[in-house]
Every structure is written in C-alpha cells, then in structure tokens.
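# Chains, contacts and geometry: an overview
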Amino acid sequence: MYKLWITIKKDAKILLRDRTGISLMFVMPIILVMVVTSIQTSTFQLMNKSKLPVLVCNKDTGQASLQLMAAINRVGLLKVLPLPKDQALDQIDKVMKDKDAELAIAIPSNFSARVSAKAQNAANKALKSFGLQGDSTKNNVLSNKPPFTLYFSPVLQEQLRLSIRGGLRSALQLVESRETLRKLYFAINEKQLPPALEDEMINNQSDIGMVSVSKNAGREVPNTTQHNVPAWTIFAMFFIIMSLAASVVREKISGSFIRLKTLPTNYLVGLLSKQITYLCVTLFQAVVIFSMGIYLFPHIGLPGLNLPSDLTALIITTVVTGWCAVSYAICVGVFSNTQIQASGFGAVSIVILAVVGGLMVPTFAMDGYMKTVSNISPLHWSLECYYDLFLLGGKLRDVFANLIPLFIITLVLQALTFIGLKRQNLI
Amino acid sequence: MVIANPPAVSIEGLDFRYPGSDAALLTNVSLTIGKGESFGLFGPNGAGKTTLMNLMTGVLNANAGHVKILGHPMGTTSKKVNRLFGFVPQDLSFYYELSPIENMEFYGAWAGLDRKRIKKRTAELLHILGLEDVKKKQVSKFSGGMKRRVNLAIGVIHNPLVLFLDEPTVGVDVQTRHAIISYLKELNENGTTLIYTSHQLSEAEALCRDIALIDSGKIVAEGTLDELSKKHKKRNLEELFLSLTGKDFRD
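Residues numbered from 1 in each chain as written. Chains lettered and ligands numbered in written order. Predicted model: local features only at pLDDT ≥ 70, side-chain atom pairs only at ≥ 80, totals over all residues.

Attention now goes to the nonpolar core. It is characteristic of soluble globular proteins that their nonpolar side chains tend to be buried jointly. Judged by nonpolar contacts, the single largest core of 73 residues is most densely connected at Ala153(B), Ile157(B), Phe164(B) and Ile195(B). Within the second largest apolar cluster, 62 residues are counted, among which are Phe239(A), Ala329(A), Leu403(A) and Leu406(A). (Core = buried A, V, L, I, M, F, W, Y, C linked by C-beta atoms within 7 Å. Buried ≥ 20, exposed ≤ 12 C-beta atoms within 10 Å, placed from the backbone.)

Structure follows, in structure tokens:
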C-alpha cells in the first residue's frame, strides 16, 4: 500500500504541476458545455418563442394569398415580411442575399384563382358524393405546378427545413379548406358562409396536449441544460485521453521507465496509481461541470441544472463512467508508440465514439445498423444512464441495465491493457 | 537454490537480436564478474555495451543464454533479484517534474524501502552528492551535472550489492566527474560491485581494476588492466582499446 500511495502522490504532483494540461482538462469542457448549452437554448428559444422571418413576394391580387400570409403568421414558426408588389419573382434569391434572409416565399399571380378552382373541384366531388348534383361545368383542370414556392438558404438544416415545410402545408391547407367550405356552403344554401360559422369551423382548432412521461411520474419538461450538461460531461471525462494516454506513452518511452523495469515492483502498481489519480480527476470534472450547471447557468441566462433525485445512482454512474474513460485512455497509451499517436488517435476516436454513442445525434434517430454500432460506444451506455437519471427521473434499478455493458467494456479494456503490457514485456 | 559464494554477475552463452533485425547484436557472450570488483566494460559505439547492460539488468530479455546476479537468475517472473542491484542508465531516468527528494521517495519505495529508510538514505545521498540546497526544486531546472548526480543518487538509494553504471559521467564538468568517481570508489571500497561503461578511458583506468572489451557483439578481451596491457604490450587503456578494436568508425 505504501508503494501505491507514493506512486499516487507522484502522479498527482506531476499532473498538478502541468498547469496548462490541468487547465485544459477543466476549462475546455466547461467552455464546451457552456457554448453548446447556450446555442441549443437560443435555438430552442428561436423555435419556441421567436419566429423565423420569411420574405413573401406576393404577386397575387386575390384574398387567398392574404389569408395564406395570415395563416403562416398563425402557425407560430414563421413571421411574414412582405416584399413590395413590384419585386420580380426571379430576383428573389438576390433579395434573400441582400436582406440576409434564410427563407422566402414566392406567391404567383394565379394563387387565389388556383385555390378557388381547387376548392370548387373539391366541393363538386363532395356534393356528388352527398347525392346532390354539383356544378360539373365548373370542374377545372389544375396544373401540377405547386401553388407557391419556398426558397431557403442551404445553411438551414434539413430537420428545420422539414418543420418549416410542415408549417407552410398546414397554412395552405387552412386556406384551401376555408375556400372549399365556402364553396360547399354556397352550393347548398346559395348564400355566403357567415363569418362566425366560418370562424367556428376553421379557426377553432383543438390544441394538442403535451405531457412529459418520466419514470418518477413527474411532469417536468426537460430543458437544454438537462440534455447538454450530462452529455458533455461524459465527453469531457473521456477526453482525459489526451492527457492520460500521452502520459502513459511518455513514461513508457522515457528513461524513467527503464529504471522502473529494473526495480522490484510490478508496473501494474504504476498503472493502478494512474487509474486512481485520473479517476479522481474525472470525478472532479463531473463535480465542477454539474456545479456550474446548478449555480452558474441561471446567472448567465441559461436554464439551471436539476440533479436527479437518486444521488447514489448518479455517483455510481459517474464513477463507472470515469473508470471506463481512464481504462480507455490507458489502453490507448499502452498500444501507442508515440505521444502523437496516442493523442491523435485518442482525440479522433473519442469524437467518433461520441457521435456513434448519441451525444450529437440521438440514438433513437439512428437507423437499425447505426443503432447496433452505437452499442460498442461506452459513451452511449453512459449517456443512457445519465438520461435515465436527469431526464426520466430514474433510480439505480433503472440505470442498472445500462451500467452493466459500461462495466463490461471497462473490463475488456483492462484485459486488453494487460495483454498489451505482457506482449511488450512491460509487466 | 542459493549458491555458496556466487559471483556478482555471471553470463553464459548470451545471444540477442532486436525484434525485426536480421543480425544478432550479441553472440554467445559469456562473462563472470566477481563480488566486490570494479569492472569496466568498454567498446566502440554500437559494440553492444548498453544492450549487454540492459540484458544484465533485465530491461531486455535475451534470445538465448542466461544472466545471474549473485546466483539468482534474471528474467523470471519473480522480481526479488531486482532488490540486489541498482542501475544508473545512460539516459537520465527520473521525473523532471519532481524534485530530487520526491524522485528519491518514489524510486526508494519502488526499490522496496520503507518511509524511514527512504528519509535516512535521501538525507545521506543529498549530502554526499551536494544536492542539499536544491533538494526541493524541480529537476527540470537543474544543470546537466546536477541531473547526473540525481540519476546516480536514485540508482544507489537502496544500497545495492551490485551497481550497474552506463556512462554515468557523460556530459558533465570536471568537478562533477570528480565527485561522482570519488563516490563510486567509496562505494566499491565498502563492498559494492561496480559494473561500469564509459568512453572516458582515463576515468575508467582510475576506477576499474578488471575490464572487458566488447566489439561487434563479442567479448574480445577480458582480464585485469595490468594483465591485458602486458599481454598486448600497451602502455594504457586507450592504446589497448585502439589495438583491439581498430581505428575505423563503427556507428
């Protein structure tokens, strides 16, 4: 025990004296968590509280286009910014660049006529199916051209683009439904649809109830901090590979290791010491980042972090995650011949494991093949544990199923390290 | 089995080649070094001195043959034999981020000493090697000579019976060399067997009684310096060295 204690002291002193290295271990993850959470929070606010501006070049002189613009405003996602009537449709991309706009809609001059014609056709079909004779002479031939065109900047992500398209479809459907209803009402009653009834039938849409389903029966809606802080804490813990793997290589190729080999102590003591020392570092990283989420975030306009109710489960998950991160770093260090190899492979592999593990794209959004691949990433299992605790209100029994694979990966890494050391005659 | 009066080091039929290399670096090397000797191992660059030193200390494993230290075989899974010897490698072998005291505490513990013994030996060695004033400063800030003294202090912290020294005075000034050689002589007088390599042949003459010359992975001469000088009719070690190993560059 004395040897181990002295070795831990040695490793801790070397670590603490590398001020740049230690600051990178803490400062960089903190910056990462703050930046990602801030960006995601602002995106969340943009999507839910602000509205994306959309330029509208309206060449239509009828009522339908005005109703469409009103409907787009009501969808909640977009805010209509009308362009002057004399603006040419084919110059819309130039206007987008000039006005630094990401979205624009071009409404052609026949929009209202087209909506009316389509509504008339629909009304005729409906009347016929009711057993009433519709005005078949009024059946119109509609072109296949879309009723209006959405122009978008390529920087808009597909997910956002699809949401916008969904919103616009909903607005268009509202306009078309209103027109169809008017036509139907007029055909049956030979008078205009009363505005009150129209409002009752078209605008009185039922809202969708939204309930957050968690394991503790709580109904809190998780904020971006609850998502980001645990995820990027895992990333920071695994990023210790940059320092630890390089440290293992440095010791292995330095003169100090030659002397260690001649002394009557097994190098496993040295590796055990590194595991304990760096495990403490990863735990301290987690404490610092969680504390920042709890105490600092609310003061800088970000949602605060709420710790899970089961702190024992949180501590166990964090310890196993830290141990896995340290085991991975040591394994990479043992199999690397130079510090550049260790740091280069280490950094890239952690980013890949993070992507595969669902830190950047959730695993539920991955297809079958990628979902299987994600299982090899220790970050995936760790993230599942944290999400169980931070988002779903889970307890230790809920995270147990995800802790076991994480633990098994750790043991495999330890075994690989042992084999690597044996093959290199280092133990 | 403990041998009644084993030599400090015995080497028999040692072969070694680096992995991936076609040529053997050492071929059928045999050598016996008695207890209490001050033994010099000399040869041109690339002759195999450091490799032989690394094989004797267990840093490398031989392809054939065996090494025994005081009758105990090297290269087994037991590390008990490692308590018997100390090693001062040619490369500075310690942690630059630590002070001399911290390095000696760590290597002392790994050499099997307890806290009390480490403290006592550290104080002794810092005094003997003139490192007391800088004992708490990081070694990274030391001069080359001071680093060499720290390298030596760590190698002898556990009072080894056999001490391997691979060019312990390379790159140091006259004062440091004098201090190191004086201390090594003192160790030898107190019974420590020294096995030493150097390119400083005048220094070696002052320190070593028994020598071996190694060239192209083979021992080409072995005996006392006097015996070999008389046999080859040379006045000193340098003349003997050149006559046996030639004047061509070797590396």
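Further remarks concern helix H3 (residues 63-75) of chain A. Residues and elements named next belong to chain A. Spanning 13 residues, H3 covers 18 Å between terminal C-alpha atoms, matching the ideal 18 Å at 1.5 Å per step. Among the residues of H3, those classed as buried are Ala64, Ser65, Gln67, Leu68, Met69, Ala71 and Ile72. In this structure, the buried residues of H3 make contact with strand S1 (52-58), strand S2 (78-82), strand S3 (103-107), helix H5 (111-130) and helix H6 (158-189). Positive phi appears at glycine 76, one or two residues downstream of H3, with a value of about 105°. (Helix = DSSP H or I, 4+ residues; strand = E, 2+ residues; numbered from the N terminus. Expected span 1.5 Å × (residues − 1). Contact = placed C-beta atoms within 7 Å.)

Here we come to the packing of helix H1 (residues 2-17) of chain A against helix H11 (residues 267-296) of chain A. Residue and element names in this part refer to chain A. In contact at an axis separation of 9 Å, H1 and H11 are set at 55° when each is read in the N-to-C sense. On the basis of their axis angle, the class for H1 and H11 is oblique. Read as a crossing pair, H1 and H11 show a hand that is right-handed. Taken together, the residues of H11 that come into contact with H1 (itself represented by Lys3, Leu4, Thr7, Ile8, Asp11, Ala12 and Leu15) are Val269, Gly270, Leu272, Ser273, Lys274, Ile276 and Thr277. When the residues that make up the contact of H1 with H11 are grouped by side-chain class, the tally is seven nonpolar, four polar and three charged. (Axes fitted to C-alpha atoms, helices over the stretch in contact; angles between N-to-C directions. Parallel < 35°, antiparallel > 145°, perpendicular 65-115°, else oblique. Left-handed = near helix turned anticlockwise from the far one by under 90°. Nonpolar A, V, L, I, M, F, W, Y, C, P; charged D, E, K, R; others polar.)

The subject of this paragraph is the confidence of the model for chain B. Detailed reading of predicted coordinates is not advised where the pLDDT is low. All names here are of chain B. In the predicted model, chain B carries a mean pLDDT of 85, and 94% of its residues have values of at least 70. Within chain B, the lowest mean pLDDT, 72, falls on helix H8 (residues 237-245), and the highest, 94, falls on helix H2 (residues 100-110). Predicted as a complex, the structure gets a pTM of 0.76 and an ipTM equal to 0.85. (pLDDT = per-residue confidence, 0-100.)

Another aspect to go through is the sheet that holds strand S6 (residues 85-88) of chain B. Residue and element names in this part refer to chain B. Ordered in space as S6-S7-S8-S3-S9-S10, the six strands form an open sheet in which the pairing is mixed. Looking at the sheet topology across the chains shown, the edges are occupied by S6 and strand S10 (218-224). When the angles between neighbouring strand axes are averaged without regard to direction, this sheet yields 15°. Of the strand pairs in this sheet, strand S3 (residues 38-42) and strand S8 (residues 193-197) are connected by four bridges, and their pairing is parallel. Within S8, the residue paired with serine 38 across the bridge is leucine 194. Seen against the sheet, helix H4 (residues 144-155) touches S6 and strand S7 (162-166) and runs at an angle of roughly 165° to S6. (Pairing = 2+ DSSP bridges.)

Moving on: unusual backbone geometry. Glycine aside, residues mostly have negative phi, and peptide bonds are mostly found in the trans state. All names here are of chain B. You will see that asparagine 28, though not glycine, has its phi angle at about 50°, which is positive. Position of asparagine 28 relative to the elements: it lies in strand S2 (residues 26-33). Phi angles above zero are rare outside glycine, and asparagine 159 is one such case at about 50°. Within the fold, asparagine 159 resides in the loop between H4 and S7. Residue asparagine 159 is classed as partly exposed on the basis of its C-beta count, with 16 C-beta atoms lying within 10 Å.

Taken together, the contacts link 20 residues of chain A with 28 residues of chain B. Elements with a contribution of two residues or more to the side of chain A that touches chain B: H1 and helix H10 (255-262) of chain A. Per-element tally for the side of chain A that touches chain B: the top contributor is H1(A), with eight residues. Each residue belonging to the side of chain A that touches chain B can be placed in one class, and the counts come to seven nonpolar, seven polar and six charged.

All names here are of chain A. Pairing is mixed across the open sheet formed by four strands, whose spatial order is S2-S1-S3-S4. Bordering the open sheet on either side are S2 and strand S4 (149-152), each of which pairs with just one other strand. The sheet shows a mean angle of 30° between the axes of neighbouring strands, direction not considered. Where S1 and S3 come together, four bridges link them in parallel fashion. Within the sheet, the bridge partner assigned to leucine 55 lies in S3 and is alanine 104.

Moving on to the packing of H2(B) against H4(B). Residues and elements named next belong to chain B. It is the contact of H2 with H4, at a shortest axis distance of 9 Å, that shows an interaxial angle of 25°. Relative to H4, the element H2 lies roughly parallel. The hand of the H2/H4 crossing is right-handed. Residues Pro100, Asn103, Met104 and Tyr107 of H2 form the contact with H4, whose participating residues are Val150, Ala153 and Ile154.

Time to look at the environment of Gly191(B). Residue and element names in this part refer to chain B. Structurally, glycine 191 is set in the loop between helix H5 (174-189) and S8. Given 10 C-beta atoms within a 10 Å radius, glycine 191 is considered exposed. For the pair glycine 191 and isoleucine 11, spaced 180 residues apart in sequence, the C-alpha separation works out to 21 Å.

Let's shift gears to the confidence of the model for chain A. Per-residue pLDDT for chain A averages 84, and the proportion of residues at 70 or more is 91%. Mean pLDDT values over the elements of chain A span from 76, in helix H7 (residues 195-203) of chain A, up to 94, in helix H12 (residues 311-335) of chain A.

Attention now moves to helix H16 (residues 396-423) of chain A. All names here are of chain A. In this model H16 runs 39 Å from its N-terminal to its C-terminal C-alpha over 28 residues, within 8% of the 40 Å that 1.5 Å per residue would give. Maximum bend of H16: about 40°, positioned at asparagine 402, with proline proline 405 one to four residues after it. Buried residues of H16: Val399, Asn402, Leu403, Leu406, Ile409, Thr410, Leu413 and Thr417, and no others. Residues of H16 that are buried make contact with H12 and helix H15 (378-390). Where H16 ends, the next residue or the one after it, asparagine 425, has phi of about 55°, a positive value. (Bend = angle between axes of the 7 residues up to and from the residue.)

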